[in-house]
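Below, each chain spelled out in residue letters.
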Amino acid sequence: MRPERIPLFPLNVVLLPGAELPLHIFEPRYREMVKTCIEEKSEFGILLSLPKGLARVGCTAEITAVVERYDDGRMDILTAGRAPFRVVELFTEDPLLHGQVDYLDDRENPGDPRVQRQLVELFEACHTLIFDDYPKNLEGALTEELSYLVAATLPMDLLWKQQILELRTEADRQERLVAYLREWAPHLQNKGALRQRAGGNGHGLH
């Protein structure tokens, strides 16, 4: 059973279930939080921090490794996204933010195999255009985790990633991603063509 009250770490990032997120921990309150989570084998919540406030839906992070500890108490850790949650109440009396949370389960809604195929094709195309390499993480991926894998791997707009986190069926997430990537792919192709032209005439893009 996950606790109903958890420490919260607001960041300019959207953590998705199954995704890895390396973090550099330097503030004393977060160093203490990480120390407690390691000792108690517990998770903390990551929320997207926006100019107008905090997103209400986030994802818990499990600390999977302490990569490096520094003499001054700072540390590099590796975390992995686990459970989506909605904040019901915020507690701000401590230096460390806490939240009363409800965990969000997916509703059963089997995805459309046709949409799934389209998503895989678009993901492969966008990944190749951005990273100049074919995605290696599709093999062995579970169908019900495909949307999270795609959204976590590509450098998508944060508000779009937040939408994916907030949707409660895999079918809805896959349809939303297909629409996003269909619109995005032509822009990526144009940028790629520009880069090639710029590289060919001695003027690099900055």
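Just so we're clear, the structure is a prediction, and the values are computed from it rather than from any experiment.

**Q** I'm lost on helix α1 (residues 28-40) in this one. Help?
**A** Within an α-helix, residues lying three or four positions from one another point in the same direction, as the helix has 3.6 residues per turn. If you check α1, its first and last C-alpha atoms are 18 Å apart, about what 13 residues at 1.5 Å a residue would give, namely 18 Å. Within α1 the residues assigned to the buried category are Tyr30, Met33, Val34 and Cys37. Along α1, the residues classed as buried sweep out an arc of 95° about the axis, all on the same side. Residues Pro28, Glu39 and Glu40 are exposed on α1 and point more than 90 degrees away from its buried face. Among the structural elements, β1 (5-11), β2 (20-25), β3 (44-50), β5 (57-69) and β6 (75-91) are those in contact with the buried residues of α1.

**Q** Looking at this structure, I do not really get the packing of aromatic side chains. What am I missing?
**A** Under the counting rule described, the total for this entry stands at 4 aromatic pairs. Taking 6.1 Å as the distance between ring centres and 45° as the angle between the ring planes, the aromatic pair formed by Phe9 and Phe44 counts as tilted. On the criterion of sequence distance, the pair formed by Phe9 in strand β1 and Phe44 in strand β3 is long-range, its members being 35 residues apart. Residues Trp160 and Tyr180 carry aromatic rings whose centres are separated by 4.5 Å and whose planes lie at 50° to one another, so their mutual orientation is tilted. With Trp160 in helix α4 (residues 158-166) and Tyr180 in helix α5 (residues 170-200), this residue pair connects regions lying 20 residues apart in the sequence. According to the relative accessible area criterion, Trp160 is partly exposed, its value standing at 25%. Positioned above the aromatic ring of Phe91, the side-chain terminus of Arg5 is 4.1 Å from the ring centre. Its end group placed over the ring of Tyr70, Arg74 keeps NZ or CZ at 4.3 Å from the ring centre.

**Q** What exactly am I supposed to notice about the pairing of β3 here?
**A** Where a strand is regular, its side chains alternate between the two sheet faces. Among the 7 residues in β3, 5 count as buried, and that is most of the element. The sheet contact formed by β1 and β3 spans 4 bridges and is parallel. Among the inter-strand pairings, Phe9 is bridged to a residue of β3, identified as Ile46. Relative to β5, β3 runs antiparallel, the two being bridged by 3 bridges. Bridge pairing links Gly45 to Thr60 in β5. Inspection of the sheet shows β3 paired to strand β4 (residues 53-54) by 2 bridges, in the antiparallel sense. Paired with Ser49 across the strands is Leu54, a residue of β4. Taken together, β3 and the strand that follows it, β4, pair antiparallel across an intervening segment of 2 residues.

About the cut-offs
- Residues numbered from 1 in each chain as written.
- Predicted model: local features only at pLDDT ≥ 70, side-chain atom pairs only at ≥ 80, totals over all residues.
- Heavy atoms only, no water.
- Helix = DSSP H or I, 4+ residues; strand = E, 2+ residues; numbered from the N terminus.
- Expected span 1.5 Å × (residues − 1).
- Buried < 20%, exposed > 50% of the residue type's maximum accessible area, 1.4 Å probe, protein only.
- Arc of directions from axis to C-beta.
- Contact = heavy atoms within 4.5 Å.
- Phe/Tyr/Trp six-rings, centres within 6.5 Å; stacked < 30°, edge-to-face > 60°.
- Lys NZ or Arg CZ within 6 Å of the ring centre and 35° of its normal.
- Pairing = 2+ DSSP bridges.

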